[in-house]
Amino acid sequence: MRKLFITVALLVPVAAVLGLGGCLVEDREVEIVLNEEQCLEIEEYHEGENYTTPDTLEIGEELDSLLADNSISKDQILNAFLVSVHYEIRECALTDNWELEGAITIERDDISDGPDTLIAYTELIVAPETVGEKVQGDLNAEGVGILNRAIDDYLAGMSPVILILKVVSGGVDPSPTEGNPLEFTWEACLYMQVIYQLEMQVYSSVGGS
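Rules behind the numbers
Residues numbered from 1 in each chain as written. Predicted model: local features only at pLDDT ≥ 70, side-chain atom pairs only at ≥ 80, totals over all residues. Heavy atoms only, no water. Helix = DSSP H or I, 4+ residues; strand = E, 2+ residues; numbered from the N terminus. Buried < 20%, exposed > 50% of the residue type's maximum accessible area, 1.4 Å probe, protein only. Contact = heavy atoms within 4.5 Å. Areas by Shrake-Rupley, 256 points an atom, 1.4 Å probe, with all protein chains shown as cover. Expected span 1.5 Å × (residues − 1). Phe/Tyr/Trp six-rings, centres within 6.5 Å; stacked < 30°, edge-to-face > 60°. Disulfide = S-S within 2.5 Å. Pairing = 2+ DSSP bridges. Axes fitted to C-alpha atoms, helices over the stretch in contact; angles between N-to-C directions. Salt bridge = Lys/Arg side-chain N within 4 Å of Asp/Glu carboxyl O.

## Topic: the overall build of the chain
Scanning the chain from N- to C-terminus turns up two helices and 10 strands. From first element to last, N terminus to C terminus, the chain shows the α and β order β-β-β-α-β-β-β-β-β-α-β-β. Counting only residues that meet the buried cut, the chain has 43% of its 209 residues in that class. The long-range fraction of contacts in the chain, counting pairs at least 24 apart against all pairs at least 6 apart in sequence, stands at 86%. Carbon and sulfur atoms make up 47% of the accessible area of the chain, which totals about 10700 Å².

This is the structure in structure tokens:
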């Protein structure tokens, strides 16, 4: 699994009031957004059209790591949710072009919730020239609900919180065979936002609002 997170701070601007006829220090609550991207690398090798490839995401551990890296606690979290999903072919040893369709499903492993489709894909071309092309997935509301409920359970103190994501084939053209197998590596990335509250001191000019 590859993990990337970027912190974006939505802070009250203070530069404009510095040096203006006396300043006061005020305690203010600000909201900060953490943009978290969790990527699952999926290796495919199939000698037939009908296949299912599972992977596991321990969302509780991943969010614990995000909070620890940013020195924040669960009780500071205001909201957390899935924003988007994209996927791309990472490696391809094939010489022919293959066209795939199917879905990535999601379900809980720790409790009963799902499975349901997170995204469906059609006309996914697997070929050397498509390596590295990012494709935005069309989110399915029911699958998004499973992931967001898992995040809510994590914030409420549940542990562990484990998700199973499966690639479910809906068709391959041409059909793979033992002599001509479908073999490639691709990556699905879940982009989430975590919004938390922070109290900090900011400057304001005397007499300002």
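Okay, back to it.
## Brief notes about helix α2 (residues 141–155)
Residues spaced three or four apart along an α-helix point in a common direction, a consequence of the helix completing one turn every 3.6 residues. Across its 15 residues, α2 extends 21 Å between first and last C-alpha, which sits within 8% of the 21 Å expected from 1.5 Å per residue. Listed in full, the buried residues belonging to α2 are G143, V144, G145, I146, L147, N148, A150, I151 and Y154.

## Thoughts on the packing of aromatic side chains
Each aromatic ring pair is specified by the distance between its two centres and by the angle formed by the two planes. Overall, the coordinates contain four aromatic pairs when judged by the stated rule. A centroid spacing of 5.4 Å and a plane angle of 75° characterise the contact between Y121 and W186, whose relative ring orientation is edge-to-face. Of this pair, Y121 sits in strand β6 (residues 116–126) while W186 sits in strand β10 (residues 182–205), placing them 65 residues apart in sequence. You can call Y121 buried: its relative accessible area is 1%. Among the residues examined, W186 registers a relative accessible area of 1% and is labelled buried.

## Quick look at the state of the cysteines
All told, the structure shown has one disulfide when counted by the stated rule. Through a disulfide, C39 is tied to C189; the S-S separation comes to 2.1 Å. Disulfide C39-C189: the torsion about the S-S bond is 110°, which places it as right-handed. Placement of C39 in strand β2 (residues 23–46) and of C189 in strand β10 is noted, with a sequence separation of 150 residues between them. With a relative accessible area of 1%, C189 lands in the buried category.

## Regarding the sheet that holds strand β8 (residues 138–139)
The strands making up a sheet associate through hydrogen bonds between their backbones, and the pairing can be parallel or antiparallel. Taken in spatial order, the five strands line up as β3-β9-β5-β6-β8 in an open sheet, and their pairing is antiparallel. The open sheet has two edge strands with one neighbour each: β3 (52–58) and β8. Bridging between strand β5 (residues 98–108) and strand β9 (residues 162–173) involves 10 bridges; their strand directions are antiparallel. Residue pairing in the sheet places E101 in a bridge with G171 of β9. Here α2 sits on the sheet in contact with β5, β6, β8 and β9, set at roughly 35° to β5.

## Observations regarding the pairing of β6
Bridge analysis of β5 against β6 gives eight bridges, and the strand direction is antiparallel. Across the sheet, the residue bridging to E99 is I125, located in β6. Bridging between β6 and β8 involves two bridges; their strand directions are antiparallel. Each residue of the ladder has a partner; that of I119, found in β8, is L139.

## Brief notes about the pattern of salt bridges
All told, the structure shown has six salt bridges when counted by the stated rule. Note that R90 and E88 form a salt bridge whose closest N and O atoms lie 3.7 Å from each other. By relative accessible area, which is 36% here, R90 ends up partly exposed. As a salt-bridge pair, R108 and D110 come within 2.9 Å of each other at their nearest N and O atoms. Since its relative accessible area comes to 26%, D110 is described here as partly exposed. Through salt bridges with shared partners, a single ionic network connects E88, R90 and E187.

All quantities given are derived from atomic positions and should not be read as evidence of function.
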